[in-house]
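Structure assessment
One-letter residues, chain by chain:
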Amino acid sequence: MTMRTDPAAIATAVVEMARSGRFTDVEALFAPPLRAVVSAEVLRSAWESQLSVLGAISAVGTPVSEPAPDSWAAATGQAELVKVSVPVTYERGELTVVLAVDDTGLLRDLRLAPPPTEPWTPPPYARRDSFDEHEVTVGSGALAVPGTLSLPRGDGPWPAVVLLSGGGPFDRDATSGPNKPLKDLAWGLAGRGVAVLRFDKVTHTHAAEVAAIPGFTMSDEYVPHAVAAIRLLRRHPAVDAARVFVAGHSMGGKVAPRVAAAEPSVAGLVLLAADTQPMHRAAVRVVRHLAARDPGARAAVETITRQAARVDSPDLSAETPAAELPFGYSGAYWLDLRGYDPVATAAALGKPMLILHGGRDYQVTVADDLAGWQSGLAHRPDVTIRVHDADDHLFFPGSGPSTPADYHRPQHVDAAVVTDIADWLLSTSER
């Protein structure tokens, strides 16, 4: 059997190509549907981001082949698929490269899967006997997503909050390695008398469908489902319709003012590590920060700098190839981001806000991002701004410089952050 039709040999070759930086050669093995949504540059960015977290590759294991799940065959439209898993050992951890190979030797799917992690355990501040959870559907039609409503026990009506996760195809818990920061928040707040609705992002549940939508933007990614979630809570008999808030983390915080502008019933906003610096420029800063500490990330600096310059170019258009732009986002996505001013949008709302930031956050920093909120909103008596000095981007407390590897260690959102949010929501809703 030649390499062209031997799935295990193809998978090993793909890992070695990526290991040596030959991402264009990997892309050449993609079947057309995969090539339409994943470019060589997107693959390079994903691969190098893992190197920045886990260090250099120290060993490539033996590939394991098995029939691909029926769901993969249905999603790719290819009946004859072989799933191949290649374990890869890094200096500071492990990943598995998982591929779906069709009967012509082309790749129909490619994933970087972390090894199994320890089961999530509730944070010590969760009062699980004081609330119930119910599965809900957020939105309608083909792009509806599943969610979870955490509802305090008792008479109510309760104040409520919709949680929005950060950039990327996150599930409702914002799962990151063994950690579930939005689930920490939901359980912490629900135990303190706040109804909480969290839901899977549309880019998580309907990745293929979203990739096929021309002109998909940050607004499309967040606003329709966030508004649907707010209205779902307002209709619930145990929720006080006049006290429904939105709490967003990272990009979810950045877009939260736009959500409130689209749905004026929102009672107020909680912005957690919400960025104000343009995201493409922040990406350059973050990659340089990582490269200064890990040589494995240095190769990404030139790429992200070039891509960020394309975002700043007056020639940027909806037709600009996604492969030339950061994170593989489309030209339309970056045009929307480039034209959005979260601070000005928030200032125009006239709604109370709680803005929290981690002092050890290297992704969304006090100097580069919180300063934007302070300069635009600090004069407002209904805006509270606090920094939790020991916390990182996910509001995990610690000491010393924060690194990407920290996110792969089991942790929980700082109890002081949960208390801050609960106290602010309850006191604000009583005014």
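How each quantity is defined
Residues numbered from 1 in each chain as written. Predicted model: local features only at pLDDT ≥ 70, side-chain atom pairs only at ≥ 80, totals over all residues. Heavy atoms only, no water. Helix = DSSP H or I, 4+ residues; strand = E, 2+ residues; numbered from the N terminus. Contact = heavy atoms within 4.5 Å. Salt bridge = Lys/Arg side-chain N within 4 Å of Asp/Glu carboxyl O. Buried < 20%, exposed > 50% of the residue type's maximum accessible area, 1.4 Å probe, protein only. 1 Å grid on protein atoms, 1.4 Å probe; cavity = no way out; pocket = protein on both sides within 12 Å on 5 of 7 lines; lining within 4 Å. Points joined across faces, edges and corners; volume = space filled by probe spheres on them. Nonpolar A, V, L, I, M, F, W, Y, C, P; charged D, E, K, R; others polar. Pairing = 2+ DSSP bridges. Axes fitted to C-alpha atoms, helices over the stretch in contact; angles between N-to-C directions. Expected span 1.5 Å × (residues − 1). Polar contact = N/O pair within 3.5 Å; in protein donor to acceptor, adjacent residues only side chain to side chain.

Turning our attention to the side chain of T203. Following the sequence through the fold, T203 ends up in helix α7 (residues 202-205). Beyond its immediate chain neighbours, meaning those up to four positions away, T203 contacts G168, P169, V210, F216 and E221.

The next point concerns the environment of K180. Mapped onto the elements of the fold, K180 is located in the loop between β8 (158-164) and α6 (181-190). Separated by 232 residues in the primary sequence, K180 and H412 have C-alpha atoms spaced 7.7 Å apart. Excluding anything up to four places from it in sequence, K180 contacts W120, D171, D173 and T175.

On to the pattern of salt bridges. According to the stated counting rule, one finds 24 salt bridges in the structure shown. A salt bridge links E16 to R19; its shortest N-O distance comes to 3.7 Å. You can see E16 and its partner R19 sitting in helix α1 (residues 7-19), three residues apart, about one turn around the helix. Among the residues examined, R19 registers a relative accessible area of 39% and is labelled partly exposed. For D382, the salt bridge identified is with R380, shortest N-O distance 2.9 Å.

Tallying each qualifying case throughout the model produces two cavities of 30 Å³ or more. Considered as a void within the structure, the largest cavity measures approximately 70 Å³ in volume. Taken together, L163, L164, S165, R172, L182, F199, K201, E221 and Y222 make up the lining of the largest cavity. Mapped by element, the contributors of at least two residues to the lining of the largest cavity are β8 and α9 (218-235). Partitioned by chemical class, the residues of the lining of the largest cavity number five nonpolar, one polar and three charged. Its volume calculated, the second largest cavity comes out at about 40 Å³. Lining of the second largest cavity is provided by V14, V15, A18, L43, W47, V97, L110 and L112. Of all elements in the fold, only α1, α4 (40-54) and β5 (107-113) reach the threshold of two or more residues within the lining of the second largest cavity. Looking at the lining of the second largest cavity element by element, the count peaks at three residues for α1.

The strand order across the open sheet built from eight strands is β6-β7-β9-β8-β10-β11-β12-β13, with neighbouring strands paired in mixed fashion. Every interior strand has two partners, whereas the edge strands, β6 (131-138) and β13 (383-388), have only one. Across the sheet, the axes of successive neighbouring strands diverge by a mean angle of 20 degrees, strand direction being ignored. Judged from the four bridges that link them, strand β10 (residues 239-249) and strand β11 (residues 269-272) form a sheet pairing that is parallel. Looking across to β11, one finds that A247 is bridged to V270.

It is worth spelling out α9 at this point. In a regular helix each residue adds 1.5 Å, so 18 residues correspond to 26 Å; α9 covers 26 Å between its end C-alpha atoms and thus fits that length. By the burial criterion, the buried members of α9 are M218, E221, Y222, V223, H225, A226, V227, A229, I230, L232 and L233. Capping the start of α9, T217 holds a side-chain oxygen 3.3 Å from the backbone nitrogen of S219, two or three residues further along.

Taken by themselves, the reported measurements are silent on function.
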